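Residues per chain, in single letters:
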Amino acid sequence: MPEDVNIHVKHLTRVEGHGNIIFNTKNGKVSNVIWEVDEAPRFFEAFVRGKSYHQLSHITSRICGICSIGHSLASLRATEAAMKVEISEQTELLRRLALHGENMQSHSLHVGYLVAPDLLGAPSVVPLVKTHREAVVKIVRLHKLANYLSDLTCGRTIHPITLEVGGFTAIPTEKQLVEVRKQLVQGMEVTGEVAGIVLANADKLPDFQRETEFIGLTNDDHYAYYKGDIASTDGGRWPPEDYLKIANEYVVPQSTAKHSKHNRDSYMVGALARLNLNYRHLTDEAKAVAEMFGLKPVCHNPYMNSVAQLVEIMDSLVDSTKIINELLSRGLKEEKNEMEIRAGRGVGAVEVPRGILFHDYTIDKLGNCIKANCIIPTNQNHGNIQKDMEAIAPTLLGKPEKEIELTLEMLVRAYDPCISCSTHYLNVKFK
Amino acid sequence: MKPRVAFFDFASCEGCQLQVVNLEEKILDLIDVVEIVSFREAMKEHSDDYDIAFIEGSIQRPMDEERLKKIRKNAKILVALGACACIGGVNKLRNEWTVDQVKEEVYKDADIEGNDLFDVFPTKAVDEVVDVDFYIPGCPINRNEFVKIVSQIAIGRKPKLPSYPVCVECKKNENICVFELGKFCLGPVTRAGCDAICPSFQDGCEGCRGFLDDPKMNCQKDVLRKYGITLDEMMKRLNMFNYKKGVY
C-alpha cells in the first residue's frame, strides 16, 4: 500500500488574501481535497448603509487594493443607474482608459511577480532579480507604465481620487495623453518580449482540462470591460440587472467567502472567461499573442488563465492608444457634473482583472444608500477552484509530495484569487 | 547586518502592501537596505526570525489577536502600515452596529454557530491589541513616505510624522481651496504627509491619515458653518476613516 499523503498549505503565498489547501490520501486514494478561505470577513455591504451616494465608491474601492478602480467604477455605475445620472462620452472613454490601466497593472503583477517564479523554478521574484534580471526589468517597466496610466486617469493607482458620480473631479491634459500614448506603444514591444519568455517556459503549465461554464460581460462592438450584457459559454445573454439569476451564491463551512453556481456545479470568470466569450473583439496584436500559445476559444484549461491575462495586457495597450486617439481628436473638455438626487435601485456590472463584478445599490430620496450587494469575481471562482481540485487530485496520485503541492498551488494561483475582496461577504436578499 | 523585515496582513484590502510593490524599481534599492524575510502576498519564502514587522489591516477576531501577539513577541520593532492598522480605517464603520446586529444581517441563513472563522468582535486598530512603535498612515500609504520612514528605521532613527495639517501642503501646491469649489474637506484637521493628493485633484481630504494630535475641531466646525454644510453630512465625512461612537 502506498504511504498516505497529507498536505496542508496554510496561507498560500503569492496570492492576495488568506486561503489554505488541504490534500489527503488514504490507502492510495484521495480522501480529502479542500480549498479553504479563512480571511477575516469585513461586512462592507452592512456598513455602507446610511452613507451618502457620493461616498459609496470611495468606501467600496477599499474592498480591494488591486482592483480598486474596478470597484469604484462598478459602484459608480450602480449609483448612476439608481439615480438615473447620465454620463458624457468623454467620461466613458476616460473610464475605459482607467480600467485598462488597472487591468495591465493587475495582470503584469500576477503574470510577472506571482506566476513567473513557478515557471522559472524560484520561490519568488526576489531571487529572479539576480538570475533573470532582464525579464524582471521588463515586467517592472510594464507594471510601472500601467500605474502611470492609472495615476493619469484616477489621480493615483490605488483608491482612485478623480472618479466621481457623473464624471471626474479632474482630467488629464492632452499633453499627458500624448506622452502616455508614446509609452503605451513601447509597452507593446515589451509585452511581446515577455510573451516570448513565458512561451519558452509554458511547458510548466499543466495540461489539465475540465469542462466548465465561463461567464462574463459581452457587447457587440468591442471587447467588454466597462459595460455589456452578461453572457455564458453555455449560451444565453442577460441584462446586468438579472445578475442574481446567474450568480447563485451559497455558503460552505470551510470558507468565509461565498461560492457561486449557475448552469453547472460551478463556473469561472476572469481573463480566460472573457477571452472565451469575446475572442472576436480582441485587437489583432492581442490575437497574435494568443496564437503564439495556441490559445483559442473555448479553452477549458484553468492554468491558461495566466496566458489569457498576457493576451489582455496586449489588448489593453492597443485599445488604450485607440481611446487616446479618439479623446485627442475630439478635444478634452472640462465638464460640470450636475445631477439631481433621486431614489431608486441600480446595478453596475464591470469586468475587473479577475472577472465580472456586480454592485447593486438601493438609494433613498435623500441620496443615502439603504441596501447594498456586491458580488465579487473571486467568490464566483471559489466553487470552480474546488471542482478543479477534485478533478485534478486523482491524476496526482503517486507523484512526489512537493510536485502535488506545487500543482495545486499553481492551480489556485492561476485564478489570481483576490481573497480579501471575496470576504466582503454579506448574504443580502432582495424581496 | 541588514535589518530583517517581515510583512503581515490582517483585515484589509492589502493595498498598502501593493504600494510597496508599486515602488517599482525602487524596491531593488530597498532590498539593498533591508532584507525582506516574509511577504506572503509576493513571496513563498518565510522566516519567523525578523527585526521589523509591518502590520497591515485591522484586528477583527480572537484568532487574529493571537497571531498579532505572536508577531509582537518576535519583532524588535512593530510598524502599523496604513489606515486600517493605524486607526481602524473604513473597517471601523462596522462598529456603528453591534456584532450581533451585523451577524444577524449578514449570516441570517447560514449555519456559522461555533465556527471560529466567523467569530468577530468590534474592529480594532493594531495599537488596541499590542504596542506599536511607528505608524505609516494613509489609505493607501504614500510610497515616498514609506521609503523615508523605512530608511530612517533601518539606520536606527526614530521617524516623525508631520504635526501640521494637510492644508499646509495644499497651500504649497497652490491649489484652489476645495471649499471654494463647493466641496467638503477635512484638510484643516488631518495630519499632512500625503502632499495633499486629494485636494490637488479637486477632491476633499477624507481624513485617511488620521487627525492631528490637537485638531482644531472648533475651527473645522466654523469652516463648515461658513460653507453651510449640515451636521449630518459632516459626521458622515468625519467617520469615514476615523469612526468614533458619539460626537466629536
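Our structure's up above, just so we're on the same page.
Residues numbered from 1 in each chain as written. Chains lettered and ligands numbered in written order. Predicted model: local features only at pLDDT ≥ 70, side-chain atom pairs only at ≥ 80, totals over all residues.

Draft legend 1. Up close: the overall build of chain A. Counting its regular elements, chain A contains 14 helices and 14 strands. Against the compact-globule benchmark of 22 Å for 431 residues, chain A has a radius of gyration of 21 Å, which places it among compact chains. For chain A, the C-alpha atoms occupy an extent of roughly 75 × 50 × 35 Å along the three principal directions. Taking all 431 residues of chain A together, 58% fall into the buried category. The contacts in chain A between residues at least 6 apart in sequence include a share of 74% that link residues at least 24 apart. (Helix = DSSP H or I, 4+ residues; strand = E, 2+ residues; numbered from the N terminus. Rg over C-alpha atoms; globule rule 2.2 N^0.38 Å. Buried ≥ 20, exposed ≤ 12 C-beta atoms within 10 Å, placed from the backbone. Contact = placed C-beta atoms within 7 Å.)

Draft legend 2. Region of interest: the pairing of strand 12 (residues 344–352) of chain A. Residues and elements named next belong to chain A. By the criterion of burial, strand 12 is predominantly enclosed, with seven of the nine residues buried. Two strands pair when backbone bridges link them, and strand 12 and strand 13 (residues 355–363) are joined in this way by nine bridges, in the antiparallel orientation. Pairing of Glu 351 across the sheet is with Ile 356, part of strand 13. The loop that links strand 12 with its antiparallel partner strand 13 comprises two residues. (Pairing = 2+ DSSP bridges.)

Draft legend 3. Structural context of the sheet that holds strand 1 (residues 6–9) of chain A. Residues and elements named next belong to chain A. Pairing within the open sheet is antiparallel, and its three strands lie in the order 1-2-3. The open sheet is flanked by strand 1 and strand 3 (29–37), the only strands paired with a single partner. Between one strand and the next, the sheet's axes are offset by a mean angle of 5°, whatever the strand orientation. For strand 1 and strand 2 (residues 19–26), the ladder comprises four bridges, and the chain directions are antiparallel. Opposite His 8, over in strand 2, you have Ile 22 as the bridge partner. The strands touched by helix 13 (residues 401–414) within the sheet are strand 1, strand 2 and strand 3, with strand 2 carrying the most contacts at an inclination of about 140°. (Axes fitted to C-alpha atoms, helices over the stretch in contact; angles between N-to-C directions.)

Draft legend 4. Focus on the interface of chain A and chain B. Counting residues at the interface gives 50 residues for chain A, matched by 49 residues for chain B. Those elements that place two or more of their residues in the side of chain A that touches chain B are helix 1 (44–47), helix 2 (56–60), helix 4 (89–119), helix 5 (125–131) and helix 6 (133–154) of chain A. Tallying contributions element by element places helix 6 of chain A first for the side of chain A that touches chain B, with four residues. Of the residues assigned to the side of chain A that touches chain B, the class counts are 23 nonpolar, 19 polar and eight charged. (Nonpolar A, V, L, I, M, F, W, Y, C, P; charged D, E, K, R; others polar.)

Draft legend 5. Highlighting the nonpolar core. Core analysis: the biggest nonpolar cluster contains 195 residues, and Val311(A), Phe358(A), Ala53(B), Ile55(B) and Val79(B) have the highest contact counts within it. The residues contacting Val79(B), other than those within four sequence positions of it, are Ile52(B), Ala53(B), Phe54(B), Ile55(B), Asp133(B), Phe134(B) and Ile136(B). (Core = buried A, V, L, I, M, F, W, Y, C linked by C-beta atoms within 7 Å.)

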